[in-house]
Each structure stands twice: as C-alpha cells, then as structure tokens.
Amino acid sequence: MADMNAFMTNQEKKEIDATKKLRIGIIGTGGIAHSHMRTYLAQPDVEVVAGCDLVPGKAKAFFEEFGVEGKTDYKDHSEMIADKSLKLDAVSICTYNRQHANCAIEAMRAGIHVLLEKPFTVTVEEAAEVIKVEKETGMVLSVGFQPRFDNNMRMIKKICESGELGQIYYIQTGGGRRRGIPAGATKTTFIEDETAGIGALGDIGCYSLDMVLNAIGYPKPLTVTGYKSAFFGTDPNYVRYVNENAPWVAEKFGVDDFAAAFVRLEGGIILDFRIAWAMNINTPGDTIILGTKGGLRIPSTDCWNGSVGGPMTVYHEVSGEQVETQIPILKTPDGLWHGKIRSFLDAIKEGKPSPIPSWQILYNQAIIDGIAKSSDAGKEIEVVIPEV
Ligand SMILES: NC(=O)c1ccc[n+]([C@@H]2O[C@H](COP(=O)([O-])OP(=O)(O)OC[C@H]3O[C@@H](n4cnc5c(N)ncnc54)[C@H](O)[C@@H]3O)[C@@H](O)[C@H]2O)c1
C-alpha cells in the first residue's frame, strides 16, 4: 500500500509570512485555553497580547504561567473587546458553553475574528444569531473541531466521497465512557446548567456527529426522536472520573450524561446516535457507515473525544467475494491543534472562508438541539433550522 501518511502530510506544507503578525486575545483562561496558548506560541506570526476571565486574577496567572506579557486587567470579555488599544485581530473563545454565543457576537461586531470552542452554542437559536453576525460583519468564524485535522478523520471523508461505499443509507455513530463525567470537586463548569447548558450530548456528541456528517457532506437534518438522561451525574454515590476523595457533586449536576437519537437526514439517510459520559458498559458500539456497495467500521475509543480507536475496516465485494480491507491508523505529524489554529490564522491572513463552515455546525447544533427538544417532548419532532 502507498505511504498514505506521507501523502496526507505533504498537502499541508506552506510558507508562513512571519513579518505580518496577528494580534490575539484569549477569552476565558481555564482548561482548554492552555492548548490555545501553547499552539499560538508555536506560530511564527502570532502575538498573544491580552486575555480575560470572569475570575479575578485568573487571566494574569495564566499569562504568567506561559511567561507571556499581555494585558489581563479586564473584568470580562466586554471590557477586553472594547479596549481598542489592543488592536486585536482575533480572539479564541474558551469560555464555558453558555458564554459562547454572546462572546462571539460581541467580538465580531467589534471587527475581531473568532475561533470559538466547541460545542458551537447551547441552542440552535443562539447558533443562528452568531451566524447572522458572522454574515453581517464578514469576520472569520471557526468552531473548534480539531478532529477534522486528524488524518484518520480525513480518510473517513475520502472513503465516503470516493464512492467506494456506494449510496450511503445508514450511519450508527457515537460513543462514550464507562465512568467519565468531566467534573472535579472544584471544577463543575461542564455539569452545571448555568455554565454548560448541555452535557455529554453537546460536549462529546458534537464530535461524533461532525465525524460522520462532515464525511458525507452535511446533509440537512429533517426529523429526530431523541432521548437524554442523567442517572449517573445526579447520583450522590457516583464515583468520579478523576478519583478525588471529595464526595460527588450530584447537587450541582444539571445537564445530561447520556443521549440517544434516531435522526432522518436529507437524501434518505438514517443516523442512529448514542453518547455517554457514563454508562454500565465499555462502549455503546463502533461507528458504522453502510452503503449499497460497501460498509465502513470505525472502532470506538474508551474516552470518546473525537479520535479513532483503531484501524478502520472497509467491508466490500471484490470479484463476487466478500472481503475486508483494513485501513492502518494514520499519523498527523503536525498535530490536530496545529491544524485547528493554523487554518484559522491562514483564513484571516489570506482572506479565505472559514476552515470550518458555520452552516455545517448549525446543522450539528440543530441535531443536538432537536435531541434535547424531542426528549423533553417525549416524541419525534421536526428539526427546525432558523433562517440566517
Ligand atoms: N476542543 C477541545 O478539545 C476542548 C476540550 C475541553 C473543553 N473544550 C471546550 O472549551 C470550553 C471551555 O472548557 P474549559 O475546560 O476550559 O472550561 P473552564 O471552566 O476550565 O474554563 C472556562 C473559563 O472561562 C471563563 N469565562 C466564562 N465566561 C467568560 C466571559 N464572558 N469572559 C471571560 N471569561 C469567561 C470562566 O471563568 C473559566 O475560567 C467549553 O465549551 C468546552 O466544551 C474544548
């Protein structure tokens, strides 16, 4: 077999003009802001000039941790965005989910490009508002789906687009953890309704949806029968992921820890989905994509975070025989985060469209939103995608 690793890496190499530096701010300096900062610092054409956090002193300590000089004396994102002396080109929005939409809208209205962490927003209405402002202002808006830059994910898309599978009609996707609610004794921003808004459904569900929908060109979602539950997070005897001695914070748990859905997509494609932060099994199954000429199995992982759990298998027919072809795991030499940040910077510098088009993530969000609404209604619902 040809060296696919070499092939897929070479496509990416290009010169970076380091004489033209972009001025970056970071909104929210908690856990994931570290990956943003690390990756920005590895770019020759970036200066991280400011950061802010709602917790006083947190942004300052964050900048000190990296030895980066920057302005951090802001009480929130609005103060930082309003500081014209910063001359910000772009911001990374690394706040908890409930603060994604307002921060993105304010930044773009101020003429600042936005790299927004996933999930896009909490509701589909918020997502549509953000896209309206993206359109009005012409700013680059990219949403933080770094798995898209994983060569294994690209291979899934290549296989689907090649026609190898024939007409794709059924997809099973999702995954999850046996015990993996992302919360500790002190950090509860992922599990409280007022900060997170959605649980496993949005947090890791958005990745599994993006993996398969991006591969097949993001057909429009039509209807959804959704279910969500919270049996583990609300149990005071739950044994936490990071095994701290402090008791579980069940009283703070206000989101879902499991969700499942049956979604009809345009083109007669069925999407069968399930996602869990906690469950009494190791995995709810591999991702499978069924077509009229072939099928693809993508092994699940123990910790579903948008990665491929092992070599993929294509099931197909050769000369009338049923055979299987294994696709070896591909490396992504520059790393997923480099792809996520670099593609955003390049879009700004080269005046190109966003590397992660927001209309696609609107569909992703519409499915998540539809699952939550259908679960609340206890019946199948039509997926309503707001006009933007
Ligand atoms: N792409 C990934 O791999 C990945 C991984 C983890 C988390 N995330 C996403 O990143 C986001 C943040 O996750 P985290 O683990 O860093 O959470 P976190 O709770 O550790 O950090 C969020 C920080 O944002 C601050 N904040 C909230 N609203 C703000 C505002 N308006 N202005 C300034 N600061 C504000 C909070 O005070 C907090 O310090 C979440 O949406 C999460 O889904 C993405």
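Source: prediction; values computed, not measured. (Residues numbered from 1 in each chain as written. Predicted model: local features only at pLDDT ≥ 70, side-chain atom pairs only at ≥ 80, totals over all residues.)

**With respect to the sheet that holds strand S4 (residues 113-116)**
Picture the strands of a sheet paired through backbone hydrogen bonds; they go either parallel or antiparallel. Pairing is parallel in the open sheet, where five strands are placed in the order S2-S1-S3-S4-S5. Either end of the sheet is taken by a strand with one partner, and the two such strands are strand S2 (46-52) and strand S5 (141-143). Averaged over all neighbouring strand pairs, the angle between strand axes comes to 20°, with direction disregarded. When strand S1 (residues 22-27) meets strand S3 (residues 90-93), the two strands line up parallel, connected through four bridges. Bridge pairing in S3 links Ile26 to Ser92. Across the face of the sheet, helix H5 (residues 100-109) comes into contact with S1, S3, S4 and S5 while running at roughly 165° to S4. (Pairing = 2+ DSSP bridges. Helix = DSSP H or I, 4+ residues; strand = E, 2+ residues; numbered from the N terminus. Axes fitted to C-alpha atoms, helices over the stretch in contact; angles between N-to-C directions. Contact = placed C-beta atoms within 7 Å.)

**Focus: the packing of H5 against helix H6 (residues 124-137)**
Close contact between H5 and H6 brings their axes to 9 Å; oriented N to C, the two are set at 10°. If you check the angle between H5 and H6, you find them roughly parallel. For the pair formed by H5 and H6, the contact residues are Ala101, Ala104, Ile105, Met108 and Arg109 on the first element and Glu126, Glu129, Val130, Val133, Glu134 and Thr137 on the second. Residues of the contact of H5 with H6, tallied by class, amount to six nonpolar, one polar and four charged. (Parallel < 35°, antiparallel > 145°, perpendicular 65-115°, else oblique. Nonpolar A, V, L, I, M, F, W, Y, C, P; charged D, E, K, R; others polar.)

**Some words on the sheet that holds strand S11 (residues 294-298)**
Taken in spatial order, the nine strands line up as S13-S12-S11-S10-S6-S9-S8-S7-S14 in an open sheet, and their pairing is mixed. One side of each edge strand has no neighbouring strand; the edge strands of this open sheet are strand S13 (321-327) and strand S14 (381-382). Here eight bridges tie strand S8 (residues 258-265) to strand S9 (residues 269-276), and the two strands are oriented antiparallel to one another. Counterpart to Phe258 in the pairing with S9 is Ala276. Along the sheet, helix H7 (residues 151-162) makes contact with strand S6 (168-176), strand S10 (287-291), S11, strand S12 (312-318) and S13, crossing S11 at roughly 170°.

**Brief notes about H5**
Where burial is concerned, most of H5 is hidden: seven out of the ten residues are buried. The inward-facing, buried residues of H5 contact S1, helix H4 (77-82), S3, S4, H6 and S5. Just past H5, the residue Gly111 takes up positive phi, approximately 80°. (Buried ≥ 20, exposed ≤ 12 C-beta atoms within 10 Å, placed from the backbone.)

**Description of the environment of Leu330**
Looking at the secondary structure, you find Leu330 in the loop between S13 and helix H10 (336-350). Judged by the 20 C-beta atoms lying within 10 Å of it, Leu330 falls in the buried class.

**Re the domain arrangement of the chain**
The assigned domain composition of the chain is domain 1 (4-146 + 337-353) and domain 2 (150-334 + 366-375). On a C-alpha basis, the centroid separation for the pair domain 1 and domain 2 is 26 Å. Contributing elements (two or more residues each) for the side of domain 1 that touches domain 2: helix H1 (4-10) and H10. Of all the elements, H1 adds the most residues to the side of domain 1 that touches domain 2, at four residues. Classifying every residue of the side of domain 1 that touches domain 2 by side-chain character gives seven nonpolar, six polar and three charged. (Domains from an automatic or database assignment.)

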